[in-house]
Amino acid sequence: MPSDIGEVNGLSVDYVNKHLYWTDSRRRSVEVADYDGGNHRVLIHTGLAVPRGVLADPYNKYGYST
């Protein structure tokens, strides 16, 4: 996993595309990376008060955050 992660509260595994999604409440973001930590990207970084959970739906290509 990338070293610049603040506080992970939610984690979801996309076993179809081999991605990990997580919420970082300290950075107020939803992020994704490959299983090995490569290709780390911030997906959402605005408009989130304190993200706590995330769900990946790889078959319908949706993601949900609470």
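Rules and cut-offs
- Residues numbered from 1 in each chain as written.
- Predicted model: local features only at pLDDT ≥ 70, side-chain atom pairs only at ≥ 80, totals over all residues.
- Heavy atoms only, no water.
- Helix = DSSP H or I, 4+ residues; strand = E, 2+ residues; numbered from the N terminus.
- Contact = heavy atoms within 4.5 Å.
- Polar contact = N/O pair within 3.5 Å; in protein donor to acceptor, adjacent residues only side chain to side chain.
- 1 Å grid on protein atoms, 1.4 Å probe; cavity = no way out; pocket = protein on both sides within 12 Å on 5 of 7 lines; lining within 4 Å.
- Points joined across faces, edges and corners; volume = space filled by probe spheres on them.
- Nonpolar A, V, L, I, M, F, W, Y, C, P; charged D, E, K, R; others polar.

Side note on the environment of Ser12
Examined against the element boundaries, Ser12 turns out to sit in strand S1 (residues 8-14). Remark: the alpha-carbon pair of Ser12 and Thr23, spanning 11 residues in sequence, is separated by 9.2 Å. The contacts of Ser12, once residues within four sequence positions are left out, are His19, Leu20, Tyr21, Val54, Leu55 and Ala56. Looking at Ser12, its side chain comes within polar contact range of the main-chain nitrogen of Ala56, at 2.9 Å.

As for the layout of surface pockets
The volume enclosed by the largest pocket comes to roughly 270 Å³. Around the largest pocket sit 18 residues that line it, and Tyr21, Leu43, Ala56, Tyr62 and Gly63 are the ones nearest its centre. Within the residue set of the lining of the largest pocket, elements represented by two or more residues are strand S2 (19-24), strand S3 (29-34), strand S4 (41-44), strand S5 (54-57) and strand S6 (62-65). Considering every element that reaches the lining of the largest pocket, the biggest residue donor is S6, with four residues. Along the lines of polarity and charge, the residues of the lining of the largest pocket split into 10 nonpolar, four polar and four charged.

Honestly, it's all geometry; don't read function into it.
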